[in-house]
Protein chains: 2
Amino acid sequence: MSITAIRAIEALRAEGRRITTARRTIIELLGATNDHLTAEHIATAVQHAYPEIHVSTVYRTLESLDEWGLVEHVHRGHGAAFFHLAASHPHMVCEACGRVIDVPQEEFDALVARVRDVYGFDIDVAHNALMGRCLVHDPRAGGLLAPPVSSREGAGPGARDG
Amino acid sequence: MSITAIRAIEALRAEGRRITTARRTIIELLGATNDHLTAEHIATAVQHAYPEIHVSTVYRTLESLDEWGLVEHVHRGHGAAFFHLAASHPHMVCEACGRVIDVPQEEFDALVARVRDVYGFDIDVAHNALMGRCLVHDPRAGGLLAPPVSSREGAGPGARDG
DNA sequence: CGCTCAGATACGAACACCTCGCATCTGCGA
DNA sequence: TCGCAGATGCGAGGTGTTCGTATCTGAGCG
């Protein structure tokens with residue numbers, strides 16, 4: 001089991017919360033992958049091992065773990081949000097291929113500080129993904145590199161948008 | 001009718017598209033307000049004047065106008081996206097009060113340029129709203145100012161989130 | 001002004017993604 | 001091992017949106 005998963009489970013125990021099969025399995029799953037999984041993906045994977053775990057339990061468990069700071073969710077523009085073990089950092093999602101790129105929080109520090117000063121608003125850059133395009137998919141960046149839309153990479157359900 | 005609305009309608013005409021009641025009404029509505037309206041809000045408002053205009057027509061019309069570059073949609077984290085006449089700029093949405101703050105694109109230019117260079121990714125900062133909190137609602141920024149959650153300001157349906 | 005028809009619309013069913021209520025079950029402290 | 005608060009299974013319900021299809025209409029043409 002990954003270190004972060006172990007930490008998450010210990011955190012549950014430390015706060016006196018129950019270590020249930022659903023919680024343990026979801027945490028292990030999230031700890032074992034670098035993918036950005038939607039609740040439905042998680043439910044499917046969890047049910048592969050424990051078919052009796054209901055999708056609504058997965059939603060509720062994710063919500064609880066999120067609330068307790070052990071996992072985080074990120075909203076893509078369309079389609080489902082995706083989840084990962086807590087490690088606040090922004091994500092960029094390519095509208096053409098669906099790929100998710102992790103970005104260090106530091107890249108946004110200057111912007112966040114300025115917006116806080118000027119607009120009196122504290123941005124949580126990790127909560128919504130930043131949409132855009134990998135340069136290979138950007139029609140403005142030299143069509144040479146641009147493959148047709150058919151060459152989707154990691155596009156799960158919900159990579160379409162305008 | 002607002003200047004931007006007139007321009008949008010002329011753009012429709014110039015491209016040989018039909019000026020229908022639904023299109024004209026939606027464009028006038030968006031041109032007449034600075035609010036950030038969801039498709040459902042728009043449908044309700046439009047139906048106030050023309051009850052026969054169906055909500056699915058509103059969705060399709062908005063989709064078309066968006067595709068033609070005359071309106072834009074912005075995704076909030078939860079709940080419905082909101083629409084406005086084309087004027088690409090980022091938005092920040094307070095998770096506590098639902099308020100939407102418009103930000104000039106220029107604030108993001110440096111970040112966008114750096115991300116393009118370093119990560120090979122072209123961010124469209126206007127597509128997803130940036131979530132966060134007005135400083136008055138930020139528990140970390142001196143609880144003195146923080147009103148209870150009940151004091152929602154512009155929170156429409158879907159201002160809740162974790 | 002009336003004819004024509006591609007394009008637009010009304011309507012309702014269906015869909016994706018969740019959320020909720022409630023009866024049952026279970027982790028864990030006593 | 002017992003008791004019960006908290007967690008889960010199950011299915012209905014909700015919200016926001018998309019789609020198929022029959023009908024209608026804007027606008028060019030005569």
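Quick caveat: nothing in here was measured; it's all calculated off a predicted structure.

**Digging into the relation of the copies chain B and chain A**
Thought 1: Laying chain B over chain A is done by rotating through 180 degrees and shifting 0.0 Å along the axis; what remains is an RMSD of 0.0 Å. The superposition of one copy onto the other is thereby described by a two-fold rotation axis.
Thought 2: Of the interface residues in chain B, 100% have counterparts in chain A that sit at the interface too, so the contact is made through matching surfaces.

**Observations regarding the domain arrangement of chain A**
Many authors give the size of an interface as the accessible area that is lost as the parts come together.
Residues and elements named next belong to chain A.
Thought 1: Along its sequence, chain A is carved into domain 1 (1-87) and domain 2 (89-155).
Thought 2: With both sides pooled, the region where domain 1 packs onto domain 2 buries about 800 Å², and carbon together with sulfur makes up 56% of that total.
Thought 3: Contact with domain 2 buries area across many residues of domain 1, yet His36, His75 and Arg76 alone supply 46% of it, more than any other trio.
Thought 4: Linking domain 1 with domain 2 are 0 salt bridges, by the criterion used here.
Thought 5: Mapped by element, the contributors of at least two residues to the side of domain 1 that touches domain 2 are strand E2 (71-74) and strand E3 (82-85).

**Quick word on the protein's contact with DNA strand C**
Thought 1: Taken together, the neighbourhood of DNA strand C is formed by 20 residues, with Tyr59 of chain A together with Arg18, Thr20, Thr57 and Arg60 of chain B sitting nearest.
Thought 2: Sugar and phosphate atoms constitute 60% of the interface atoms of DNA strand C, taking the interface as everything within 4 Å of the protein.
Thought 3: Within the backbone of Glu52 of chain B, an N or O atom sits 2.8 Å from a phosphate oxygen of DNA strand C.
Thought 4: Within the side chain of Thr57 of chain B, an N or O atom sits 2.2 Å from a phosphate oxygen of DNA strand C.
Thought 5: Looking at the surface near DNA strand C, the elements with two or more residues in it are helix H4 (55-67) of chain A together with helix H2 (21-32) and helix H4 (55-67) of chain B.
Thought 6: When residues of the surface near DNA strand C are assigned to their parent elements, the largest contribution, 4 residues, is made by H4 of chain B.
Thought 7: For the surface near DNA strand C, the per-class residue count stands at 6 nonpolar, 7 polar and 7 charged.

**Some words on the interface of chain B and chain A**
Thought 1: With 40 residues of chain B at the contact, the number on the chain A side is 40 residues.
Thought 2: For the pairing of chain B and chain A, the buried interface totals around 3200 Å² over both sides, and the portion due to carbon and sulfur atoms is 59%.
Thought 3: Considering only the side of chain B, the residues that lose the most area to chain A are Glu107, Tyr119 and Phe121 of chain B, jointly responsible for 20% of the buried surface there.
Thought 4: The interface formed by chain B and chain A holds 2 salt bridges in total.
Thought 5: Taking the shortest distance from any N to any O, the salt bridge between Glu107 of chain B and Arg114 of chain A comes out at 2.5 Å.
Thought 6: At the junction of chain B with chain A, the criterion picks out 18 residue pairs in polar contact (both at pLDDT 80 or more).
Thought 7: When contributions to the side of chain B that touches chain A are tallied by element, the ones reaching two or more residues are strand E4 (91-94), strand E5 (100-102), helix H5 (109-119), strand E6 (121-123) and strand E7 (130-134) of chain B.
Thought 8: Looking at the side of chain B that touches chain A residue by residue, the class counts come to 19 nonpolar, 9 polar and 12 charged.
Thought 9: Direction of pairing for strand E6 (residues 121-123) of chain A relative to E7 of chain B: antiparallel, over a ladder of 3 bridges. By the bridge assignment for E7 of chain B, Phe121 of chain A is matched with Cys134 of chain B.

**Concerning helix H1 (residues 3-14) of chain B**
Every α-helix carries 3.6 residues per turn, so stepping three or four residues along brings you back to the same face.
Residues and elements named next belong to chain B.
Thought 1: Its 12 residues give H1 an end-to-end C-alpha distance of 16 Å, which sits within 8% of 16 Å, the value for a rise of 1.5 Å per residue.
Thought 2: For H1, the full list of buried residues reads Ala5, Ala8, Ile9 and Leu12. Along H1, the residues classed as buried sweep out an arc of 95 degrees about the axis, all on the same side. Projecting away from the buried face of H1 at angles above 90 degrees are the exposed residues Ile3, Arg7, Arg13 and Ala14.
Thought 3: Contacts from the buried residues of H1 go to H2, H4 and strand E3 (82-85).

**So, the protein's contact with DNA strand D**
Thought 1: Taken together, 20 residues sit near DNA strand D, with Arg18, Thr20 and Thr57 of chain A together with Ile19 and Arg60 of chain B positioned nearest.
Thought 2: Each atom of DNA strand D within 4 Å of the protein belongs either to a base or to sugar and phosphate, the latter forming 58%.
Thought 3: One of the backbone N or O atoms of Ile53 of chain A is found 3.5 Å from a phosphate oxygen in DNA strand D.
Thought 4: Between a base oxygen of DNA strand D and a side-chain N or O atom of Arg18 of chain B, the distance comes to 3.2 Å.
Thought 5: Taken together, the elements giving at least two residues each to the surface near DNA strand D come down to helix H2 (21-32) and H4 of chain A together with H4 of chain B.
Thought 6: In terms of residue count, the dominant contributor to the surface near DNA strand D is H4 of chain A (4 residues).
Thought 7: Counted by class, the surface near DNA strand D contains 6 nonpolar, 6 polar and 8 charged residues.

**Observations concerning the sheet that holds E5 of chain B**
Think of a sheet as strands paired side by side through backbone hydrogen bonds, with each pair either parallel or antiparallel.
Thought 1: Pairing is mixed in the open sheet, where 4 strands are placed in the order E6(A)-E7(B)-E4(B)-E5(B). Each edge of the open sheet carries a strand with a single partner, namely E6 of chain A together with E5 of chain B. Strand-to-strand twist across the sheet, computed as the mean angle between neighbouring axes with direction ignored, equals 40 degrees.
Thought 2: Two elements, E4 of chain B and E7 of chain B, share 3 bridges in a ladder whose sense is parallel. Paired with Cys94 of chain B across the strands is Gly132 of chain B, a residue of E7 of chain B.
Thought 3: Where helix H5 (residues 109-119) of chain A meets the sheet, its contacts fall on E6 of chain A together with E4 and E5 of chain B, and the angle it forms with E6 of chain A comes to roughly 160 degrees.

Cut-offs and rules
- Residues numbered from 1 in each chain as written.
- Chains lettered and ligands numbered in written order.
- Predicted model: local features only at pLDDT ≥ 70, side-chain atom pairs only at ≥ 80, totals over all residues.
- Heavy atoms only, no water.
- Least-squares fit on C-alpha atoms with pLDDT ≥ 70 in both.
- Contact = heavy atoms within 4.5 Å.
- Domains from an automatic or database assignment.
- Buried area = accessible area lost by both parts, 1.4 Å probe.
- Salt bridge = Lys/Arg side-chain N within 4 Å of Asp/Glu carboxyl O.
- Helix = DSSP H or I, 4+ residues; strand = E, 2+ residues; numbered from the N terminus.
- Near = heavy atom within 4 Å.
- Polar contact = N/O pair within 3.5 Å; in protein donor to acceptor, adjacent residues only side chain to side chain.
- Nonpolar A, V, L, I, M, F, W, Y, C, P; charged D, E, K, R; others polar.
- Pairing = 2+ DSSP bridges.
- Expected span 1.5 Å × (residues − 1).
- Buried < 20%, exposed > 50% of the residue type's maximum accessible area, 1.4 Å probe, protein only.
- Arc of directions from axis to C-beta.
- Axes fitted to C-alpha atoms, helices over the stretch in contact; angles between N-to-C directions.

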